[in-house]
Amino acid sequence: MIQYSEIGLILLVAFVTASALVPIAKQIAMRIGALARPSTDRVHLQPTPQLGGIAIIGGFVVAIGLVCNLSNWPQDKLMWLTAFSFAMFAVGLLDDLMELRPRYKVALELIAIGLLGVWGPQLDLLPYQWANIALTIFWLLVATNAFNLIDGLDGLAAGVGMIAATSIAIVAALHDHQATMAAALALSGAMAGFLVFNYPPASIFMGDEGALTVGLILGVLSIQASHAGEGSMPARLAMPLLALMVPLLDTVTVTITRLALGKPISKRGLDHSHHRLARLGLSESRAAGTLVALQALAGACAIAISLVPGYDAVLLLPFVVLFFALVALFLMDKSFDTESQSRAAELPPVARIILSFGYKRRLVELVLDVALVMAAYFGAMSLRFDFHLRPDQVGQMLIGLPYVVVIGCGAFLFAGVYRGIWRYTGVAEAVRFAVASMLAGVMVVIAATVLPISITHSTAVVFVLLLFNFLMATRWSFPVFGRIAQLLASSPRRAIVVGADGRGQAVIQHWQASLGNHVELLGLIDEDRFKHGKLFHGYPVLGGITDLAEIVARKPFHEIVIAQESLSSEQIDALKSFAMDHRMMLRRFWLGLTDMKSANGSDAALVEMEAAALMSNVPGPLRS
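So, a few notes on the structure that sits alongside this text. (Residues numbered from 1 in each chain as written. Predicted model: local features only at pLDDT ≥ 70, side-chain atom pairs only at ≥ 80, totals over all residues. Heavy atoms only, no water.)

On to unusual backbone geometry, then. Residue P201 follows P200 across a cis peptide bond; omega there is -10°. Relative to the helices and strands, P201 is located in the loop between helix 7 (178-198) and helix 8 (207-226). Look at F387: it is not a glycine, yet its phi comes out positive at around 65°. When you line up the elements, F387 lands in the loop between helix 15 (363-384) and helix 16 (391-415). Using a relative accessible area of 57% as the deciding quantity, one classes F387 as exposed. Positive phi values are uncommon outside glycine, yet H537 reaches one of about 55°. Within the element layout of this structure, H537 appears in the loop between strand 5 (535-536) and strand 6 (539-543). What makes H537 partly exposed here is its relative accessible area of 45%. (Helix = DSSP H or I, 4+ residues; strand = E, 2+ residues; numbered from the N terminus. Buried < 20%, exposed > 50% of the residue type's maximum accessible area, 1.4 Å probe, protein only.)

Here it is in structure tokens:
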């Protein structure tokens, strides 16, 4: 039985050992020249030691060895893990010192991983042993390199690794897998000890010898954790993926976007998840914290799935897949948003295929909607039975599931769901979603009379409601994620908008589309006192023009944007005076259409055209 004293001892020994080894690792790095030099993709202005892996692996090994000897923990499964960790450590160290070419680096990794895949724990998802060995080697190679790729911000890899190891340790403890729990706790404690020195601003980096080794250990431990309990095959597959969700999301988004844009996938770049969050306005510490929090959420999902029976875990998986798939699509969209796909004819064949099937032909949306229909169907049936489903009821649901998915996605296609663009979903799309959802519900009820679909009329109503809400949630996810990013962003300037009306709404939409990363919108002011204290599209109505002095004292801002058209000359003069006294920028937001005029009867000259929301600076007198 696992003792709390043993858990504390593992964490303490790993933490203290790693912390004590960091200064030694710094000295070794300085002497042999293992330093990360300043470059365009690094924020550090001074050379930084990058042999932090010495401290991490040292803390990991010492904690395992000491606790095993003192507490009679199982040693056979831990010894081979330690041995292969040293092999991967050597590969990473060689890369830090010599900068190996990608193909040579992968070849050396495969030597260690190949032996580990044969002799170590294996994924048991396939009916053939050789296939499971191949799948295990592939998974360990992906996990090792995926973790290495996220080591791009101070504290990011250490924080993600610590959370991942902790979630694995909890799953192992809940199912009394002592050796797995011991190794995961040792790794978590060692990562925590290293994080003390790697926290922004970092004085040492993990280096490839640390990141590759930690990735390999997490990959192995995630396989061990997947064997915990009696879960179904989908649940066992989900455990390793959730344990390393953030590194995998980063790898998937980077690989797909680079292939789709015709860029090499093996070269370093500024298109990783933390780079994308930084371009959304998040500071480095907030970007790292966001990704660590996302990994914590994935770890919590892994723990929850390990606690429920296999058939119940299957019902949870579509919801988990939907959320993390939406996060990945949002990050990909930020890449496609800055680089146009209109040059598809100039791109390599692989890029054209990805853009054609994934983007133009909406295959990605269709795959996501498969999970959406499954989630709605499972949710409706779970509500019908008050979340207490017997295995035979789940089995009956799974028999009818393929038919429900085909009917639901077919209804979406017929109703024109795939004609819209995610980031611009509005009222018109909501009407199509409602029609598609009702059509899917009616067709499922009709099909249930001749097909093995178990659904009542009342359950079909719930199914329709869930379908509509899930469609709206997925299609509105991009603006929601963007809004969250704006709330987390560290904008250097703040502004308020005059006018909580239709034009104020246009300001907010324009702000979120183009200015949100650079200027933070604090709220609005309006002369209608009934609106004061209310929320207008998520932003507070702070008061009126006469309240500006009090507002700026409470929430300092740097500029005022006038959206309201019905202001009197006295109110405009008051705004000018306030802006001048406080040295603020005063700007007007306006919408306009201007005719295209002909200059000489034959040559058409575009004089001016404002077909979208525009903002114009007001250097002196307010322009109208």
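Time to look at the pattern of salt bridges. For the structure on display, the rule yields 13 salt bridges. Notably, a salt bridge pairs R475 with D369, separated by 2.9 Å at the nearest N-O pair. Note that R475 is positioned in helix 18 (residues 457-475) and D369 in helix 15, a separation of 106 residues in sequence. The closest approach of N and O atoms between E550 and R554, which form a salt bridge, is 3.6 Å. On the criterion of helical spacing, the pair formed by E550 and R554 is a turn pair, its members being four residues apart in helix 21 (residues 548-554). Residue classification places R554 among the partly exposed positions, given a relative accessible area of 45%. (Salt bridge = Lys/Arg side-chain N within 4 Å of Asp/Glu carboxyl O.)

Using the criterion set out here, one finds nine aromatic pairs in the structure. For the pair Y128 and W130, a centre-to-centre distance of 6.3 Å together with 25° between the ring planes defines the contact as stacked. Judged on exposure class, the residue Y128 and its partner W130 are both exposed. Between F323 and F324, the aromatic rings sit 5.1 Å apart at their centres with planes inclined by 80°, giving edge-to-face as the arrangement. (Phe/Tyr/Trp six-rings, centres within 6.5 Å; stacked < 30°, edge-to-face > 60°.)

Between two packed helices, what matters for the description is the angle formed by their axes and the separation of those axes. The interhelical angle for the contact between helix 7 and helix 8, taken along N-to-C directions, is 150°, at an axis separation of 10 Å. Between helix 7 and helix 8, the angle falls in the class roughly antiparallel. Of the two possible hands of crossing, helix 7 and helix 8 adopt the one that is left-handed. Along the contact surface, helix 7 presents T180, A183, A184, L187 and M191, while helix 8 presents V214, I217, L218, L221, Q224 and A225. (Axes fitted to C-alpha atoms, helices over the stretch in contact; angles between N-to-C directions. Parallel < 35°, antiparallel > 145°, perpendicular 65-115°, else oblique. Left-handed = near helix turned anticlockwise from the far one by under 90°. Contact = heavy atoms within 4.5 Å.)

Most of strand 6 is tucked away, with four of its five residues classed as buried. Summarising the sheet, strand 4 (residues 519-525) and strand 6 pair through two bridges and their orientation is parallel. From the neighbouring strand, L524 faces strand 6, where its bridge partner is V541. Inspection of the sheet shows strand 5 paired to strand 6 by two bridges, in the antiparallel sense. Considered in strand 6, the bridge of F536 is made with Y539. Hairpin connection, strand 5 to strand 6: the antiparallel pair is bridged by two residues, and H537 has positive phi, about 55°. (Pairing = 2+ DSSP bridges.)

Of the strand pairs in this sheet, strand 3 (residues 493-498) and strand 4 are connected by six bridges, and their pairing is parallel. Paired with I496 across the strands is G523, a residue of strand 4. Bridging between strand 3 and strand 7 (residues 559-562) involves four bridges; their strand directions are parallel. When the bridges of strand 7 are listed, V498 appears paired with I562.

What follows is about a nonpolar patch on the surface. On the surface, I24, I28, I32, L94, L97, M98, L108, I111, L115, V118 and W119 cluster together into a nonpolar patch covering about 1,000 Å² of accessible area. Looking at the nonpolar patch, the elements with two or more residues in it are helix 1 (4-32), helix 3 (76-98) and helix 4 (102-119). No other element matches helix 4, which puts five residues into the nonpolar patch. Among the structural elements, L97 can be located in helix 3. (Patch = residues over 30% accessible without salt bridge, like charges linked within 9 Å, V, L, I, M, F, W, Y side chains within 5 Å. Areas by Shrake-Rupley, 256 points an atom, 1.4 Å probe, with all protein chains shown as cover.)

Attention now moves to the nonpolar core. If you look at the biggest cluster of nonpolar residues, it comprises 143 residues, and the most contacted ones within it are F147, L242 and F463. By residue number, the principal contributor to this core is helix 13 (residues 310-338), which donates 13 residues. Residues contacting F147, with those up to four places away along its chain left out, are A157, V160, G161, M191, M206, A211, V214, G215, L218, L244 and P247. In terms of nonpolar packing, the next biggest core, distinct from the first, is built from 19 residues, F557, I560, I562 and F578 among them. (Core = buried A, V, L, I, M, F, W, Y, C linked by side-chain atoms within 4.5 Å.)

The terminal C-alpha atoms of helix 10 (residues 245-260), which comprises 16 residues, lie 22 Å apart, in line with the 22 Å expected from a rise of 1.5 Å per residue. Taking burial as the measure, the 16 residues of helix 10 include twelve buried ones, the bulk of the element. Every buried residue of helix 10 is accounted for by M245, V246, P247, L248, L249, D250, T251, T253, V254, T257, R258 and A260. Following helix 10 by one or two positions, G262 has its phi on the positive side, about 70°. (Expected span 1.5 Å × (residues − 1).)

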